[in-house]
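Summary of structural features
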Amino acid sequence: MSPAIHIEQVYKSFGPLQALKGINLTIEQGEFFALLGPNGAGKSTLINLLAGLLRPTSGRLSVMGHDVVTEYRQARQLLGVVPQELVFDPFFNVREMLRFQAGYFGLGRENDAWIDEVIESLGLADKAHTNMRRLSGGMKRRALIAQALAHRPPVLVLDEPTAGVDVELRQMLWAFIKRLNREGHTIILTTHYLEEAETLCSRVAMLKQGEIVALDSTENLLNRVPGKNLRLRLAPSHLPSTLHPMLRANEGDIWTLALSEAAQIEFVLAELRAADVRIEDMQLIEADLEDVFMEIVRA
Amino acid sequence: MIGMWTLFKKEILRFWKVSFQTVAAPVITALLYLLIFSHVLESHVQVYPGISYTAFLIPGLMMMSLLQNSFANSSSSLIQAKVMGNIVFLLLTPLAYWEVFLAFLAAAIIRGIVVGGCVWLVSLFYIDLPVAHPFLILAFAVLGGGMLGALGIIAGIWAEKFDQMAAFQNFIIMPLSFLSGVFYSIHSLPPFWQKVSHLNPFFYMIDGFRYGFFGTGDIDPTVSLAMVAVSFLALSVLTLQMLKSGYKLRG
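Residues numbered from 1 in each chain as written. Chains lettered and ligands numbered in written order. Predicted model: local features only at pLDDT ≥ 70, side-chain atom pairs only at ≥ 80, totals over all residues. Heavy atoms only, no water.

1. Structural notes on the sheet that holds strand β7 (residues 155–159) of chain A
All names here are of chain A. Read from one edge of the open sheet, 6 strands run β6-β7-β8-β3-β9-β10, paired in mixed fashion. One side of each edge strand has no neighbouring strand; the edge strands of this open sheet are β6 (79–82) and β10 (211–217). Pairs of neighbouring strands in the sheet enclose a mean axial angle of 15°, with direction left out of account. Sheet analysis places strand β3 (residues 32–36) next to strand β8 (residues 186–190), joined by 4 bridges and oriented parallel. When the sheet's bridge partners are listed, Phe33 is paired in β8 with Ile188. Lying over the sheet, helix α5 (residues 137–149) contacts β6 and β7, oriented at roughly 165° with respect to β6. Of the strands in this sheet, β3, β9 (203–208) and β10 are in contact with helix α10 (residues 289–298), which crosses β9 at around 30°. (Pairing = 2+ DSSP bridges. Helix = DSSP H or I, 4+ residues; strand = E, 2+ residues; numbered from the N terminus. Axes fitted to C-alpha atoms, helices over the stretch in contact; angles between N-to-C directions. Contact = heavy atoms within 4.5 Å.)

2. Some remarks on the pattern of salt bridges
Counted according to the given criterion, the structure contains 17 salt bridges over all chains. Between Glu196 of chain A and Arg170 of chain A there is a salt bridge; the shortest N-O distance is 3.8 Å. Placement of Glu196 of chain A in helix α7 (residues 194–200) and of Arg170 of chain A in helix α6 (residues 167–182) is noted, with a sequence separation of 26 residues between them. Arg170 of chain A sits in the buried class, given a relative accessible area of 15%. Measuring nitrogen to oxygen at the nearest pair gives 3.6 Å for the salt bridge that ties Arg233 of chain A to Glu280 of chain A. With Arg233 of chain A in strand β11 (residues 228–235) and Glu280 of chain A in strand β14 (residues 278–286), this pair connects stretches of sequence that are 47 residues apart. Shared partners join several salt bridges into a network, and the residues in it are Asp89 of chain A together with Lys10, Glu11 and Arg14 of chain B. (Salt bridge = Lys/Arg side-chain N within 4 Å of Asp/Glu carboxyl O. Buried < 20%, exposed > 50% of the residue type's maximum accessible area, 1.4 Å probe, protein only.)

3. Considering the environment of Thr93 of chain B
Residues and elements named next belong to chain B. Structurally, the position occupied by Thr93 is in the loop between α4 (88–91) and α5 (97–123). Linking Thr93 and Tyr247, residues 154 residues apart in sequence, is a C-alpha distance of 17 Å. From its side chain, Thr93 meets the backbone oxygen of Leu90 in a polar contact 2.7 Å long. (Polar contact = N/O pair within 3.5 Å; in protein donor to acceptor, adjacent residues only side chain to side chain.)

4. Examining the environment of Gly50 of chain B
All names here are of chain B. Along the chain, Gly50 turns up in the loop between α2 (19–41) and α3 (53–84). Taking the relative accessible area as the measure of exposure, Gly50 reaches 74% and is therefore exposed. Spatially, the C-alpha atoms of Gly50 and Phe202 are 25 Å apart, while their sequence positions differ by 152 residues.

5. So, the nonpolar core
Ranked by size, the top nonpolar core spans 167 residues in total, and within it Ile5, Leu36, Val63, Leu79, Met206 and Leu289 of chain A together with Leu148 of chain B carry the most contacts. Broken down by element, this core gets its largest block of residues, 15 residues, from α3 of chain B. Counting contributing residues, this core receives three or more from each of domain 1 (5–222) and domain 2 (227–298) of chain A. For Leu289 of chain A, the contacting residues outside a window of four places in its chain are Leu36, Leu194, Ala197, Glu198, Val204, Met206, Thr218, Leu221 and Leu222 of chain A. Counting residues in hydrophobic clusters, the runner-up holds 13 residues, among them Leu230, Leu232, Leu243 and Ile265 of chain A. (Core = buried A, V, L, I, M, F, W, Y, C linked by side-chain atoms within 4.5 Å. Domains from an automatic or database assignment.)

6. Focus: the side chain of Ser177 of chain B
Residues and elements named next belong to chain B. Following the sequence through the fold, Ser177 ends up in helix α7 (residues 162–178). At 3.3 Å, the side chain of Ser177 forms a polar contact with the side chain of Gln68. Within the structure, Ser177 has its side chain in polar contact with the backbone oxygen of Met174 (distance 3.1 Å).

7. Description of a nonpolar patch on the surface
The grouping of Ile28, Leu32, Leu35, Ile36, Val40, Phe125 and Tyr126 of chain B at the surface amounts to a nonpolar patch, some 750 Å² of accessible area in total. Tracing the backbone through its elements, the reader meets Leu35 of chain B in helix α2. (Patch = residues over 30% accessible without salt bridge, like charges linked within 9 Å, V, L, I, M, F, W, Y side chains within 5 Å. Areas by Shrake-Rupley, 256 points an atom, 1.4 Å probe, with all protein chains shown as cover.)

8. Describing the domain arrangement of chain A
Residue and element names in this part refer to chain A. For chain A, the assigned domains are domain 1 (5–222) and domain 2 (227–298). A straight line from the C-alpha centre of domain 1 to that of domain 2 covers 38 Å. Between domain 1 and domain 2, the residue contacts involve 14 residues of the former and 8 residues of the latter. Both faces combined, the contact of domain 1 with domain 2 buries some 980 Å², and carbon together with sulfur accounts for 81% of it. It is Leu194, Met206 and Leu222 that lose the most area in domain 1 upon contact with domain 2, and together they represent 46% of the buried surface on that side. At the boundary of domain 1 with domain 2, the tally comes to 0 salt bridges. (Buried area = accessible area lost by both parts, 1.4 Å probe.)

Here it is, written out as structure tokens:
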């Protein structure tokens with residue numbers, strides 16, 4: 001079985017700017033994969049290369065075994081892409097636009113049942129005959145996802161699908177995308193909400209300045225950051241100098257310390273008592289992907 | 001084939017949904033030209049013996065409207081899709097560059113012929129226009145619409161904002177169409193300007209098209225047909241090259 005996505009030694013330059021510097025990545029069929037990285041890391045460039053919107057300076061990319069340049073027809077047939085920007089065709093309504101989109105991929109009336117299913121699943125049924133211009137931002141976002149799915153692609157790429165989307169819609173979208181994944185679709189997403197990647201994705205690649213700096217299962221990545229975070233509210237808001245090596249973050253009177261093991265709590269409490277600092281609130285938190293992300297991006 | 005057909009259908013629907021703007025408005029504009037010029041010049045000018053100035057004017061106006069609207073169809077569709085960003089929905093599809101070309105071209109020709117045909121229909125209320133060579137009329141309509149449709153694709157790919165598109169339209173398309181002999185025979189021009197007119201491909205389209213109605217024109221219609229066909233082919237090759245290379249569309 002050929003991998004859903006195979007990326008081999010891909011470089012992309014825009015004039016003097018090297019946006020991608022030798023990316024190698026394989027994503028298997030059926031994976032739920034996250035591409036993380038700060039703005040300008042090269043996530044969208046990589047997606048645009050997969051989609052054929054950009055051409056690589058060198059290297060190869062393939063979708064289910066089909067090269068995106070030399071076998072672009074097969075590759076694009078297998079790929080659905082949800083762009084980051086809320087773009088739409090102002091002339092047509094939701095259903096017309098979805099039918100056109102499926103038609104570009106060679107699908108006719110026989111595909112209408114699937115289009116109805118997508119419309120229904122994304123909660124667009126009562127907007128199916130509304131012009132794209134008149135949809136709210138959230139509805140436009142749903143329509144964009146529907147558009148990427150119109151031709152029933154086995155591989156779905158979502159570029160920041162939940163940017164600027166309210167909590168309710170975000171949960172609804174994820175429930176739908178999880179269902180697609182269960183039904184066998186390979187899902188690749190970029191997101192700024194790290195907790196989303198953490199709960200949804202089985203594997204994560206982190207990009208920084210055009211290079212993959214981490215590529216592992218979500219679980220392994222989480223294990224990379226030592227243990228737990230201890231969040232304390234202190235009065236007076238002062239951290240004894242002996243605890244400074246453990247400090248991860250400080251905001252007002254909230255101090256977050258990194259613990260490699262739970263037993264360190266005793267040491268922290270003793271030091272605070274000795275310095276006569278009172279604990280007003282205390283929370284022990286598992287390290288999350290954000291910690292890994294910050295650690296790696298800072299490195 | 002379904003993909004190309006879908007794009008063609010979408011391009012047709014796109015102008016048809018706003019047909020007041022894309023069909024009715026240019027027909028009204030052509031009729032205003034017809035009313036004013038025929039009122040002012042009918043009794044003073046006779047270009048060809050036995051043909052009234054109003055009759056002379058109508059095929060020219062039909063062709064001018066056809067050309068301008070073929071250009072407008074492909075160019076405005078592309079520039080809007082580029083500025084709005086929804087061009088990605090086309091670029092993400094497995095459509096080949098030549099399928100995109102043919103779909104845009106065919107829709108542009110249809111819009112041109114619909115507008116030109118409407119000018120003709122309305123003009124029937126004024127005057128009974130002869131039809132000497134119907135196939136010649138059709139050939140010039142299709143080739144002229146195709147040439148401007150291709151030019152519209154080129155402009156749509158090249159322009160990055162509406163301002164540049166307006167420049168293309170106002171500084172290239174408008175002067176070429178107004179100075180092509182729509183309103184006059186080039187034989188009425190001084191010899192130098194007659195020679196300049198021969199460099200304008202629009203002149204051959206108008207003159208050959210008019211020949212199809214009256215059986216008479218400024219030059220031999222086969223020369224016009226050859227000039228228009230060669231210009232159309234040259235522009236098509238250029239357009240196909242641009243689409244194939246992904247110029248300004250795929251980075």
